[in-house]
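Here are the chains, one letter per residue:
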Amino acid sequence: MKSVAVAVFLGLFIGLAVIHMVRTDAATSLQEKPNKKSSDEYPGPIVDYELDFQIAALANPKERELRDARGRRYNKRAPDPLGELPPNWVGYATGTDWVLGVPALPLAQSDAVIVGDVAASEAHISNDRTGVYSEFSIRVDEVLKNHLDSSLKVGEVTVGEREGGVVRFQGGRLFEYTVYHQGMPRPDRTYLFFLSGNKQGGDYVIVTAYELRRGQVVPLDDSPAFASYKGYDEQEFLTKVRTAIARGPQPPRERKEEK
């Protein structure tokens, strides 16, 4: 009888574990949100679930085309449209292993590197309503590495895009959509951005970024590689990045023949 009870308990435990790890094949799971957050934790801008598509429909044809191209990138994220997920879900998290292939200074992965202030931000729902992405209007203060088309200019504004944001449903319920190990830039703060061009969307995807705060460096994302620059002197850091860009990609070292 005792062995039967143990077997039943183990069965229930395994069943609950499987339920918690929703869609592990797609590296996604239900995000359990703590009640308390650190002062630096920022889930991103808020989008109204019902109003987002209505507002997009009123835009001019060019803007609608861009919105469609950008929203398409984030289709097929959650298992169902966000509005159809269980009402007790407080959020959704995805992308558990993206950080493994990104070095501390991802120059090879970036089409452009700039210093800029976040002037504004807004979130949007993907075309199939299973994902969320945010757009950040970045006022360019310095161009360390320009895109091949030399489109980035000091004083102008460009758009940086990142998956995630906060959804507001009818009744005011907030639903945080996040990417593991990724942060969201805050408005009115200055960052060094590593950007990858998004040709279809006519903007850039944020590879990673470092906040330049009171003379020191604060990584936007969570990784041991990025943490190596936490607290680094701002000017020393920028000099290091400029030098790395000026050097360009380094050829592999020739192997010496063994005698």
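Residues numbered from 1 in each chain as written. Predicted model: local features only at pLDDT ≥ 70, side-chain atom pairs only at ≥ 80, totals over all residues. Heavy atoms only, no water.

Asker: Sorry, what's going on with the nonpolar core here?
Answerer: Soluble, globular proteins show a tendency: their nonpolar side chains are buried together. Membership of the largest hydrophobic core comes to 22 residues, with the highest contact counts inside it found for Val113, Leu192, Phe194, Tyr210, Phe237 and Val241. Looking at this core, the elements with two or more residues in it are strand 4 (112–125), strand 9 (190–198), strand 10 (203–213) and helix 5 (234–247). Examining the composition of this core, we find that four residues originate from one element, helix 5, more than from any other. In this structure, Val113 is in contact with Leu107, Glu142, Val143, Leu144, Lys145, Leu192, Phe193, Phe194, Val241 and Ile245, ignoring residues within four places of it in sequence. Among the nonpolar cores identified, the runner-up in size contains 15 residues, and Ile114, Phe193, Leu195 and Ala209 belong to it. (Core = buried A, V, L, I, M, F, W, Y, C linked by side-chain atoms within 4.5 Å. Buried < 20%, exposed > 50% of the residue type's maximum accessible area, 1.4 Å probe, protein only. Helix = DSSP H or I, 4+ residues; strand = E, 2+ residues; numbered from the N terminus. Contact = heavy atoms within 4.5 Å.)

Asker: Can you help me understand the pattern of salt bridges in this one?
Answerer: Opposite charge on two side chains allows them to pair when their charged atoms are near. Using the criterion set out here, one finds 14 salt bridges in the structure. Two residues, Glu135 and Arg67, come together in a salt bridge whose shortest N-O distance is 2.6 Å. Of this pair, Glu135 sits in strand 5 (residues 132–145) while Arg67 sits in helix 3 (residues 61–72), and the two are 68 residues apart along the sequence. Each member of the pair, Glu135 as well as Arg67, carries the same accessibility label: buried. Taking the shortest distance from any N to any O, the salt bridge between Arg73 and Glu161 comes out at 3.2 Å. (Salt bridge = Lys/Arg side-chain N within 4 Å of Asp/Glu carboxyl O.)

Asker: I tried to follow the side chain of Ser223 on my own but got confused; where do I start?
Answerer: Within the fold, Ser223 resides in the loop between strand 11 (216–219) and helix 4 (224–227). A polar contact of 3.1 Å, which involves the side chain of Ser223, links it to the backbone nitrogen of Ala225. (Polar contact = N/O pair within 3.5 Å; in protein donor to acceptor, adjacent residues only side chain to side chain.)

Asker: Can you help me understand the environment of Gly183 in this one?
Answerer: Within the element layout of this structure, Gly183 appears in the loop between strand 8 (174–179) and strand 9. Overall, the relative accessible area of 13% leaves Gly183 in the buried class. Measuring from C-alpha to C-alpha, the distance between Gly183 and Asp222 comes to 7.6 Å, with 39 residues separating the pair along the chain. Not counting residues up to four positions away in its chain, the partners in contact with Gly183 are Arg162, Leu220 and Asp221.

Asker: So what exactly am I meant to see when it comes to the side chain of Glu234 here?
Answerer: Residue placement: Glu234 occurs in helix 5. Although Glu234 lies buried, it forms no salt bridge, and the closest oppositely charged side chain, Arg242, sits 7.6 Å away as judged by the N-O distance. Here Glu234 is in contact with Leu212, Arg213, Gly215, Gln216 and Val217, once residues within four sequence places are set aside. (Lys, Arg positive; Asp, Glu negative; His and termini not counted.)

Asker: How should the packing of aromatic side chains be read in this particular structure?
Answerer: The geometry of an aromatic ring pair is captured by the separation of the ring centres together with the interplanar angle, meaning the angle of the planes. The final tally for this structure, using the stated rule, is 14 aromatic pairs. Judged by centre distance (5.1 Å) and plane angle (55°), the rings of Tyr49 and Phe169 are tilted. Taken as a pair, Tyr49 in the loop between strand 2 (46–48) and helix 2 (51–57) and Phe169 in the loop between strand 7 (165–168) and strand 8 lie far apart in primary sequence, 120 residues in all. Residue Tyr49 shares its accessibility class with Phe169, and that shared class is buried. Arranged with centres 6.0 Å apart and planes meeting at 70°, the rings of Phe169 and Phe175 form a pair that is edge-to-face. Accessibility expressed as a relative area gives 10% for Phe169, which makes it buried. Among the aromatic residues, ring-to-ring pairing joins Trp98, Phe194, Tyr210, Phe226, Tyr229, Tyr232 and Phe237 into one connected group. Positioned over the ring face of Trp98 is Arg162, at 6.0 Å from the centre of the ring. (Phe/Tyr/Trp six-rings, centres within 6.5 Å; stacked < 30°, edge-to-face > 60°. Lys NZ or Arg CZ within 6 Å of the ring centre and 35° of its normal.)

Asker: Before we go on, may I ask you to explain the environment of Glu176 in this structure?
Answerer: Relative to the helices and strands, Glu176 resides in strand 8. A C-alpha to C-alpha distance of 4.5 Å links Glu176 and Gly91, two positions 85 residues apart in sequence.

Asker: Got a minute to help me understand unusual backbone geometry in this structure?
Answerer: Residues apart from glycine generally show negative phi values, whereas peptide bonds are mostly found in trans. We note that Lys76 has phi near 60°; this positive angle belongs to a residue other than glycine. One can find Lys76 in the loop between helix 3 and strand 3 (91–94). The class for Lys76 is exposed, based on a relative accessible area of 73%. Notably, Asp188 is not glycine yet its phi reads approximately 65°, a positive angle. The topology assignment puts Asp188 in the loop between strand 8 and strand 9.

Asker: Which parts of the structure should I look at to understand the pairing of strand 11?
Answerer: If a strand is regular, its side chains alternate between the two faces of the sheet. Sheet topology note: the strand 10/strand 11 ladder contains four bridges and is antiparallel. Paired with Glu211 across the bridge in strand 11 is Val218. Remark: two residues form the turn of the hairpin made by strand 10 and strand 11, two consecutive strands paired antiparallel; Arg214 in that turn has positive phi of roughly 50°. (Pairing = 2+ DSSP bridges.)

Asker: Sorry if this is basic, but what is going on with the environment of Asn60 here?
Answerer: By secondary structure assignment, the location of Asn60 is in the loop between helix 2 and helix 3. A polar side-chain atom of Asn60 sits 2.8 Å from the main-chain amide nitrogen of Glu63.

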